[in-house]
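Okay, here's what each chain looks like letter by letter:
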Amino acid sequence: SQQGEEDPQALSIQEGENATMNCSYKTSINNLQWYRQNSGRGLVHLILIRSNEREKHSGRLRVTLDTSKKSSSLLITASRAADTASYFCATDTDTGRRALTFGSGTRLQVQP
Amino acid sequence: EADIYQTPRYLVIGTGKKITLECSQTMGHDKMYWYQQDPGMELHLIHYSYGVNSTEKGDLSSESTVSRIRTEHFPLTLESARPSHTSQYLCASSGAAWGVPLHFGNGTRLTVT
């Protein structure tokens, strides 16, 4: 089963509203990363939060990490139509091979 | 934008054909990866490499093979394509340190008829 699972699977909001996406994972991590994917394209890295960090900001993005609950959230404030994309969390762990494991993604639609 | 390139961008091919998906990066990254992704779905790691002459299979069973003869090049080959191979294939690379962000190419969308 996937290390990372995201919730909701799909989210539709109006421009200017905030969008919150959640990610849960199963095993302990070194860090958790969020990526964005526009339709038909590759993924683009957004932000990385380490296991000893609780919150991180980058522009309109705010990421939180709760290692006790094995969960993270991504908040996009004041959303724009251009934020329409799929968002994936990915975890880096020490178990087995060192390669990121991606969640199932949240498809965000921002209506203009 | 990261300097990682995948060709072809789209490929439609008949069952039984041999195909090679190309991936090249100009960043000198040691680590390279292939992920398979069905439209709108999660990514599955199928192959990875930590350096030249190093390749490993990932989580998802795949009938493809890879090679890493040069640092910048990580091609993926399907000896005999089948309709079940229809998917998007994403190549990624990262620097020497562990756990650093991946740089992705734009993918190859493969359709096997």
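Located above this text is the structure these notes cover.
Think of each chain on its own: its residues are numbered from 1, step by step along the sequence as written. Each chain gets a letter, beginning with A, and each ligand a number, beginning with 1, in the order they are written. Selection of residues for local features in this predicted model requires a pLDDT of at least 70, selection of side-chain atom pairs for listing and counting requires 80 or more, and totals for whole chains, interfaces and linings are taken over all residues. To obtain the side-chain values, all non-hydrogen atoms of the structure were included, while hydrogens and water were left out.

A few points about the overall build of chain A
(1) Moving on: We count a stretch as a helix when DSSP gives it H or I for four or more residues in a row; a strand needs E for two or more, and each element gets its number in order from the N terminus. When helices and strands are counted, chain A shows 0 helices and 11 strands.
(2) Moving on: When the elements of chain A are put in sequence order from the N terminus, they spell out β-β-β-β-β-β-β-β-β-β-β.
(3) Moving on: When its C-alpha atoms are laid out on the principal axes, chain A stretches across 45 × 30 × 20 Å.
(4) Moving on: Buried positions account for 48% of the 112 residues belonging to chain A.
(5) Moving on: Method for areas: the Shrake-Rupley scheme with a 1.4 Å probe, in which residue coverage is limited to the protein chains shown. Split by element, the accessible area of chain A, about 5,100 Å² in all, is 45% carbon and sulfur.
(6) Moving on: Positive charges come from Lys and Arg, negative ones from Asp and Glu, while His and the chain ends are left out of the count. Just so you know, the charge point we use is NZ for Lys, CZ for Arg, CG for Asp and CD for Glu. Taken as two groups, the 14 positive and 11 negative side-chain charges of chain A have centres that lie 4 Å from each other. Each residue is placed in one exposure class: buried if its accessible area under a 1.4 Å probe, protein chains only, is under 20% of its type's maximum, exposed if it is over 50%, and partly exposed if it falls in between.

Looking at the sheet that holds strand β1 (residues 4–7) of chain B
Residue and element names in this part refer to chain B.
(1) Moving on: Should DSSP find at least two bridges between two strands, the strands are taken to pair. Spatially, β1-β3-β8-β7 is the arrangement adopted by the 4 strands of the open sheet, whose pairing is antiparallel. The sheet is open, and its two borders are formed by β1 and β7 (65–66), each paired with just one other strand.
(2) Moving on: Across 2 bridges, the pairing between β7 and strand β8 (residues 76–78) is antiparallel. The residue bridging V66 from the neighbouring strand is L76, located in β8.

Description of the interface of chain B and chain A
(1) Moving on: Tallying the contact residues gives 24 residues for chain B and 21 residues for chain A.
(2) Moving on: Carbon and sulfur atoms make up 49% of the surface buried where chain B meets chain A, a total of about 1,800 Å² over both sides.
(3) Moving on: By convention in these notes, a salt bridge is any Lys or Arg side-chain nitrogen within 4 Å of a carboxyl oxygen on Asp or Glu. For the pair chain B and chain A, the interface holds 0 salt bridges.
(4) Moving on: Two N or O atoms count as a polar contact when they lie within 3.5 Å, although within protein this holds only if one can serve as hydrogen donor and the other as acceptor, and sequence-adjacent residues are included solely when both atoms are side-chain atoms. Linking chain B with chain A are 8 residue pairs in polar contact (both at pLDDT 80 or more).
(5) Moving on: The set of elements that each furnish at least two residues to the side of chain B that touches chain A consists of β4 (31–37), β5 (43–51) and β9 (87–94) of chain B.
(6) Moving on: Counting residues per element, the side of chain B that touches chain A draws most heavily on β5(B), at 5 residues.
(7) Moving on: Residue composition of the side of chain B that touches chain A, grouped by class: 13 nonpolar, 7 polar and 4 charged. In this description, contact between two residues means that some pair of their heavy atoms is separated by no more than 4.5 Å. Defined in terms of a 1.4 Å probe, buried area is the accessible area two parts forfeit on being brought together, summed over both. Three classes are used: nonpolar for Ala, Val, Leu, Ile, Met, Phe, Trp, Tyr, Cys and Pro, charged for Asp, Glu, Lys and Arg, and polar for all others, with Gly counted as polar.

A word on the packing of aromatic side chains
(1) Moving on: Pairing of aromatic rings covers Phe, Tyr and Trp, the last through its six-membered ring, and needs centres within 6.5 Å; plane angles under 30 degrees mean stacked, over 60 mean edge-to-face, and all others mean tilted. Tallying each qualifying case throughout the model produces 7 aromatic pairs over all chains.
(2) Moving on: Seen from their ring centres, Y35(A) and F104(B) are 6.0 Å apart, and the 85° between their planes marks the pair as edge-to-face. With Y35(A) in strand β4 (residues 31–37) and F104(B) in strand β10 (residues 103–104), the pair connects residues from two separate chains. Summarising the burial analysis for this pair, Y35(A) and F104(B) share the class buried.
(3) Moving on: Taken together, Y35(A), F102(A), Y33(B), Y35(B) and F104(B) form an aromatic cluster joined through their ring pairs.
(4) Moving on: Over a ring means this: the NZ of a Lys or the CZ of an Arg is within 6 Å of the ring centre and within 35 degrees of the ring normal. The positively charged end of R68(B) is found above the aromatic ring belonging to F74(B), 5.9 Å away from the centroid.

Structural notes on unusual backbone geometry
(1) Moving on: Put simply, D7(A) and P8(A) share a cis peptide bond, and its omega is 0°.
(2) Moving on: When you line up the elements, P8(A) lands in the loop between β1 (4–7) and β2 (10–14).
(3) Moving on: Of the consecutive residues T7(B) and P8(B), the connecting peptide bond is found in the cis state with omega at -5°.
(4) Moving on: For P8(B), the position within the fold is in the loop between β1 and β2 (10–13).

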